[in-house]
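# Fold and geometry: a report
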Amino acid sequence: MVTIAAGLQQCSYSQSSPSADKKQTMDSTKTNNPYYSKTDSGTVNVPEAEWQKILPKDVYYVARQKGTERPFTSQFEHSKEIGTYYCAVCGNPLFKSDTKFESGCGWPSFYEPISKSSIIYTPDNSHGMKRTEVECGKCKSHLGHVFDDGPPPTGLRYCINGVILDFEKAKDAEKKYNQQ
């Protein structure tokens, strides 16, 4: 119990994000956002006023204002589906599902990003804690934090706000699921 409480404190020491329907949020992020692309790997530099216009409130709060969604509310927290997790703001590939694990912290957790350029690491000394913030390597949106209490092989735990994630099932996994 002490470990879980410590994990919660490390990930979430900020206000909760506004609530919204998760599916609607992801769909509206993609359709109303001309900067969302899973194929364009160029850096995205958009003025904050533009992000505020095109992103749903809960995504904007976490991504651009460095907020935190409430623990245990993400649709991805316990997901076991096979595929790729993308930045919900810009479509940048972030994590493969085979690096996801159950950490018990209340947010989706991963032990390794897809590539070194997927993530930007910045010091975060807010709320009286020393942490490492992780941002999207393409649009610099706040994703969450990384801690050194994860499983092998990296020993890292990327504690990521689910509202900032978009997910695409692997094509082979979809075929296999449909055959069962």
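Just so we're clear, the structure is a prediction, and the values are computed from it rather than from any experiment.

Secondary structure assignment for the protein chain yields 5 helices and 9 strands. Secondary structure elements of the protein chain, listed N to C terminal, follow the sequence α-α-α-α-β-β-β-β-β-β-β-β-β-α. Among the 180 residues that make up the protein chain, the fraction classed as buried is 47%. If you take every contact in the protein chain between residues at least 6 apart in sequence, the share linking residues at least 24 apart comes to 62%. Counting every atom, the protein chain has about 9,600 Å² of accessible surface; 51% of that belongs to carbon and sulfur.

Now for helix 4 (residues 57-65). Of all the 9 residues making up helix 4, 7 are buried; the element is thus mostly covered by neighbouring parts of the structure. Taken together, the buried positions of helix 4 are occupied by Asp-58, Val-59, Tyr-60, Tyr-61, Val-62, Ala-63 and Arg-64.

Reading across the sheet, the 3 strands line up as 2-1-9 and stay open at both edges, with antiparallel pairing between neighbours. Both outer strands of the open sheet, strand 2 (93-96) and strand 9 (165-169), are each paired with one neighbouring strand and no more. Mean inter-strand twist for the sheet, computed between neighbouring axes without regard to direction, equals 30°. Relative to strand 9, strand 1 (residues 83-87) is paired through 5 bridges, and the arrangement is antiparallel. Across the sheet, residue Tyr-86 finds its bridge partner in strand 9, namely Asp-166.

The antiparallel open sheet is built from 6 strands, whose spatial order is 3-4-8-7-6-5. Every other strand in the sheet has two partners, leaving strand 3 (100-101) and strand 5 (119-124) as the edge strands with one partner each. Summarising the sheet, strand 4 (residues 109-110) and strand 8 (residues 157-160) pair through 2 bridges and their orientation is antiparallel. Within the sheet, the bridge partner assigned to Ser-109 lies in strand 8 and is Cys-159.

On the secondary structure map, Ser-118 appears in the loop between strand 4 and strand 5. A distance of 3.1 Å separates a polar atom in the side chain of Ser-118 from the backbone oxygen of Pro-93. Setting aside its immediate chain neighbours within four residues, Ser-118 contacts Asn-92, Pro-93, Leu-94, Pro-113, Glu-135, Cys-136 and Gly-137.

We now examine unusual backbone geometry. Cis geometry marks the peptide bond from Pro-152 to Pro-153, where omega comes out at 10°. Structurally, Pro-153 can be placed in the loop between strand 7 (142-147) and strand 8. We note that Phe-72 has phi near 65°; this positive angle belongs to a residue other than glycine. By the element assignment, Phe-72 lies in the loop between helix 4 and strand 1. One non-glycine residue with positive phi stands out, namely Lys-140, at about 60°. Look at Lys-140 and you get partly exposed, because its relative accessible area is 48%.

Let us now look at the pattern of salt bridges. In the structure shown here, the tally under the stated rule is 9 salt bridges. Put simply, Lys-38 and Glu-168 hold a salt bridge, and the shortest N to O gap is 3.9 Å. Pair noted here: Lys-38 is in the loop between helix 2 (22-31) and helix 3 (48-54) and Glu-168 is in strand 9, with a separation of 130 residues, a long-range link. Residue Arg-131 pairs with Asp-124 through a salt bridge whose shortest N-O separation is 3.2 Å. For Arg-131, a relative accessible area of 8% corresponds to the buried category. One salt-bridge network, held together by shared partners, links Lys-38, Glu-168 and Lys-171.

Here is what the cut-offs are and how they apply
- Residues numbered from 1 in each chain as written.
- Predicted model: local features only at pLDDT ≥ 70, side-chain atom pairs only at ≥ 80, totals over all residues.
- Heavy atoms only, no water.
- Helix = DSSP H or I, 4+ residues; strand = E, 2+ residues; numbered from the N terminus.
- Buried < 20%, exposed > 50% of the residue type's maximum accessible area, 1.4 Å probe, protein only.
- Contact = heavy atoms within 4.5 Å.
- Areas by Shrake-Rupley, 256 points an atom, 1.4 Å probe, with all protein chains shown as cover.
- Pairing = 2+ DSSP bridges.
- Axes fitted to C-alpha atoms, helices over the stretch in contact; angles between N-to-C directions.
- Polar contact = N/O pair within 3.5 Å; in protein donor to acceptor, adjacent residues only side chain to side chain.
- Salt bridge = Lys/Arg side-chain N within 4 Å of Asp/Glu carboxyl O.

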